[in-house]
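Observations on the model geometry
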Amino acid sequence: MFVYTISFYFFSIIAILSALMVISAKNPVHSVLFLILSFVNTSALFVLLGAEFLAMILIVVYVGAVAVLFLFVVMMLDINFIKLREGFLQYLPFGVLLGLVLLIELGMLFYTNNFSENNLVDFSNLPKFSDVENTKILGNVLYTDYFYLFQISGIILLIAMIGSIVLTLRERSGVKKQKIYNQVHLNSKNAIEKKKIELGKGIDV
Amino acid sequence: MINSILIPGLIIIAQILAIIVPVLISVAFLVYAERKILALIQLRKGPNVVGPFGLLQSFADALKLITKENIIPSNSNKMVFLLAPIITMVLSLAGWAVIPFAPGWVVSDINVGIMYLFAISSLAVYGVIMAGWSSNSKYPFLGALRSAAQMVSYEVSIGFVIITVLLCVGSLNLTKIVEAQETVWFAIPLLPMFIVFFISALAETNRLPFDLPEDESSLVAGFTTEYSSASFVLFFLAEYASMILMSAMTVILFLGGWLPPFDVFPFNILPGIVWFILKIIFILFLFLWVRGTFPRYRYDQLMRLGWKVFLPLSLLWVVLTSGFLVIFNLVP
């Protein structure tokens, strides 16, 4: 229990500190790196909760894919760091307002006990701490009770993917493309042309 | 207090050392094996001066590199620059925590073992990106960009291959994956997936013919251009350690882990760990053989192979496998 408590505070303190660094770091690349640190620590908290599948999915999806592309874009941008800081005071009231709204909402949820641990457990009719792997439990719930919602979210993701591909797709003319089929099926009959050249005259190609 | 924390802690540290030290020593001999095998392919002798048959060559090289001066470029981002090789090295060793060497021989037998390995191998890209960006120089940056795109692309097909295997096993636990192969190794019914996985593993570890992030004929040394001395050694060790890790993953997923090929007399006298190591050596030899045989891919061909060939193929196999399992009532 002692080790559990120590590791909980260790991971949560690092997660919070790195989240603070995300918004206060001067260099945007450092911000993204701190964001990744925050993700990794959050997934460690999931492991402590016993939600091993969620922890691994968090790392694979957010750290392994989303944050890589994020970092990719931020590295490529040529940002003027001083100009980026200029609007700080101007946007501060909005930021504070948003933060306050979120804080009050969370406070209300916890105050009315709608979000407490006991309530969440009541929602599921599955055994609480069983020998069944939580991957299996998640699968059982996702593909039975929440089947339609799961399918709908899949279709939404598919449409979003097609949409972004359509947005970035553009046909450019005059680009030479390698056609592997044509290359492989090239032979001496259609690649070589024999011509008779008269002496002293030459030919047009 | 002492009984509940100190003693289990010491046991865990001893287990970690018992895995990391052999892995690092095998890295040294893998480098030697690579140089010898490449030399044999090219009809040369290879290293034969340091120690008997040149066996100590890698140790001599490592000592030479570590005693050199560690140069940090003045315009680099120093924290990130030094953190990059450390992260790469730690990640290439962290994966070993869940590898089962023989029945019960595993540091941490977690339920989501294969997901953990997948997560660890997908994090490896950060070492390369951080190294490329923090060097603040053209060639490392180009290398990092290539590597980021390449590793993300091939991860997708690796994910589908893993899903195909998991459909046949019914568990994410690595020990159960090996035990499910007692009747037949998955390399036989899932042969195309085995090939896709092996080629994607080459791309994932930045090995030839997909070593474009450190392509010496166009990028000097890619993302390691600015690194010297011990920080370079870490990258070098990490590359080979992750090669061994990927081979171990291939063996567990497709070649039946510690299981002998046939459970009859001459084969089952060898203990499981020996079979496991022999299979890893076989896959590593394939890695080196490919390096000695194939020319480097062009970058657009690499991307085409990943997205237009492997992705549809592995997706199709996921559908086919699940259909087959459902029709013949074989779902575990």
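Bear in mind the structure is a predicted one, so any value in this text is a computation, not a measurement. (Residues numbered from 1 in each chain as written. Chains lettered and ligands numbered in written order. Predicted model: local features only at pLDDT ≥ 70, side-chain atom pairs only at ≥ 80, totals over all residues. Heavy atoms only, no water.)

1. Thoughts on the overall build of chain A
To keep things clear, this is the line we draw: Counting from the N terminus, the helices are the DSSP runs of H or I reaching at least four residues and the strands are the DSSP runs of E reaching at least two. Three exposure classes are used, based on accessible area relative to the maximum for each residue type with a 1.4 Å probe and protein chains only: buried under 20%, partly exposed in between, and exposed over 50%. Contacts are assigned to residue pairs that have any heavy atoms within 4.5 Å of one another.
When helices and strands are counted, chain A shows 10 helices and 0 strands. Beginning at the N terminus, the succession of helices and strands in chain A can be written as α-α-α-α-α-α-α-α-α-α. Across the 205 residues in chain A, those meeting the buried criterion constitute 19%. Considering only contacts within chain A whose residues lie at least 6 apart along the sequence, 53% involve residues at least 24 apart.

2. Describing the nonpolar core
Most often, soluble globular proteins keep nonpolar side chains buried together rather than apart. Residues and elements named next belong to chain B. How we decide: Nonpolar core, defined: a set of buried Ala, Val, Leu, Ile, Met, Phe, Trp, Tyr and Cys residues in which side-chain atoms within 4.5 Å join the residues together.
Core analysis: the largest hydrophobic core is formed by 107 residues, its most contacted members being Trp 96, Ile 99, Ile 114, Tyr 126, Ile 162, Ile 177 and Phe 254. The leading source of residues in this core is helix α4 (residues 113-134), at 15 residues. Dropping the residues within four chain positions of it, Ile 177 is found in contact with Ile 114, Val 165, Leu 166, Val 169, Ser 171, Leu 172, Phe 186, Ile 252 and Leu 253.

3. Structural notes on the packing of aromatic side chains
Residues and elements named next belong to chain B. In plain terms, the rule: Here a pair means two rings of Phe, Tyr or Trp (six-membered ring of Trp) with centres within 6.5 Å. Their orientation is stacked below 30 degrees between planes, edge-to-face above 60, and tilted elsewhere.
This model, assessed by the stated rule, comprises 21 aromatic pairs over all chains. Measuring from centroid to centroid gives 5.8 Å for Phe 29 and Phe 59, while their planes differ by 75°, and the two rings are edge-to-face. Here Phe 59 lies in helix α2 (residues 57-67) and Phe 29 lies in helix α1 (residues 2-41), a separation of 30 residues in the sequence. Here Phe 29 falls in the partly exposed class, since its relative accessible area comes to 32%. Aromatic side chains Phe 197 and Phe 254 sit 5.7 Å apart centroid to centroid with 50° between the ring planes, which places their arrangement in the tilted category. Here Phe 197, found in helix α7 (residues 191-204), pairs with Phe 254, found in helix α9 (residues 229-254); they are 57 residues apart in sequence, far enough to count as distant. Given a relative accessible area of 0%, Phe 254 falls into the buried group.

4. What about helix α11 (residues 272-293) of chain B?
Counted only if it meets this: Helix span, expected: 1.5 Å multiplied by one less than the number of residues in the helix.
The terminal C-alpha atoms of α11(B), which comprises 22 residues, lie 32 Å apart, in line with the 32 Å expected from a rise of 1.5 Å per residue. Taken together, the buried positions of α11(B) are occupied by B:Gly272, B:Ile273, B:Trp275, B:Phe276, B:Lys279, B:Ile280, B:Ile283, B:Leu284, B:Leu286, B:Phe287, B:Leu288 and B:Val290.

5. Re the side chain of B:Ser121
By the element assignment, B:Ser121 lies in helix α4. Of the residues examined, B:Ser121 reaches a relative accessible area of 13% and is grouped as buried.

6. Describing the domain arrangement of chain A
Residue and element names in this part refer to chain A. Test applied: Here the limits of each domain have been adopted from an automatic or database domain assignment. Accessible area that two parts lose when put together, with a 1.4 Å probe and added across both, is what the buried area reports. Salt bridges are defined as contacts in which a side-chain nitrogen from Lys or Arg sits within 4 Å of a carboxyl oxygen from Asp or Glu. A 3.5 Å cut-off defines polar contacts: any pair of N or O atoms within that distance qualifies, except that in protein one atom must be a possible hydrogen donor and the other a possible acceptor, and neighbouring residues in sequence count only when both atoms are side-chain atoms.
The domain architecture assigned to chain A consists of domain 1 (1-79 + 120-129) and domain 2 (131-170). Listed by partner, the interface residues are 5 residues for domain 1 and 5 residues for domain 2. For the pair domain 1 and domain 2, the summed buried surface comes to about 530 Å²; carbon and sulfur atoms form 63% of the total. Applying the counting criterion to the domain 1 and domain 2 interface returns 0 salt bridges. In this assembly, domain 1 and domain 2 are joined by 0 residue pairs in polar contact (both at pLDDT 80 or more).

7. A word on the interface of chain B and chain A
Here is the rule: Here the nonpolar group is Ala, Val, Leu, Ile, Met, Phe, Trp, Tyr, Cys and Pro; Asp, Glu, Lys and Arg are the charged ones; every other residue, Gly included, is treated as polar.
In this assembly, 31 residues from chain B lie in contact with 26 residues from chain A. Taken together, both faces of the contact between chain B and chain A bury some 2,400 Å²; the carbon and sulfur share is 76%. Among the residues of chain B in contact with chain A, B:Met115, B:Tyr126 and B:Trp133 are the three that bury the most area, contributing 23% of the side total. In this structure, the connection of chain B to chain A is made through 4 residue pairs in polar contact (both at pLDDT 80 or more). Where the side of chain B that touches chain A is concerned, the elements lending two or more residues are α4, α5 (138-169) and α12 (299-327) of chain B. By residue number, the principal contributor to the side of chain B that touches chain A is α4(B), which donates 11 residues. By residue class, the composition of the side of chain B that touches chain A is 20 nonpolar, 6 polar and 5 charged.

8. Structural notes on the packing of helix α3 (residues 52-76) of chain A against α5(B)
The condition that has to hold: All axes here are fitted lines through C-alpha atoms, helices being fitted over the stretch that makes contact, and every angle between N-to-C directions spans 0 to 180 degrees. Oblique is the label for every angle not falling under 35 degrees (roughly parallel), over 145 degrees (roughly antiparallel), or within 65 to 115 degrees (roughly perpendicular). It is the rotation of the near helix from the far one that decides the hand of a crossing: anticlockwise by less than a right angle makes it left-handed, clockwise makes it right-handed.
Interhelical geometry of α3(A) versus α5(B) gives an angle of 155° and a closest axis separation of 11 Å. Classed by the angle they form, the pair α3(A) and α5(B) counts as roughly antiparallel. Helix-helix and strand crossings are classified by hand; for α3(A) and α5(B) the assignment is left-handed. Two secondary-structure elements touch here, α3(A) through A:Gly64, A:Val68, A:Phe72, A:Met75 and A:Met76 and α5(B) through B:Phe141, B:Leu145, B:Ala148, B:Ala149, B:Val152 and B:Glu155. The residue makeup of the contact of α3(A) with α5(B), split by class, is 9 nonpolar, 1 polar and 1 charged.

9. Quick notes on the environment of B:Gln181
All names here are of chain B. Residue position: Gln 181 is located in the loop between α6 (174-179) and α7. Given the relative accessible area of 0%, Gln 181 is considered buried. Expressed as a C-alpha distance, the spacing of Gln 181 and Glu 69, which sit 112 residues apart in the sequence, is 50 Å. Each residue touching Gln 181, except ones within four places of it in the same chain, is listed here: Phe 186, Ile 252, Leu 253, Phe 254, Leu 255, Gly 256 and Leu 259.

10. As for the pattern of salt bridges
Residue and element names in this part refer to chain B. Enumeration according to the criterion identifies 7 salt bridges over all chains in this entry. For Glu 34, the salt bridge is made with Arg 291, and the minimal N-O distance between the two is 2.6 Å. You can see Glu 34 sitting in helix α1 and its partner Arg 291 sitting in helix α11, a full 257 residues away along the chain. A relative accessible area of 30% places Arg 291 in the partly exposed class. The salt bridge partner of Arg 35 is Asp 61, with a shortest N-O separation of 3.0 Å. Taken as a pair, Arg 35 in helix α1 and Asp 61 in helix α2 lie far apart in primary sequence, 26 residues in all.

11. Looking at the environment of B:Ile280
Residue and element names in this part refer to chain B. Note on placement: Ile 280 falls in helix α11. Sequence spacing of Ile 280 and Ile 244 is 36 residues, and the spatial spacing of their C-alpha atoms is 7.2 Å. Among all residues touching Ile 280, those that are not within four sequence positions of it are Ile 244, Ser 247, Ala 248 and Val 251.

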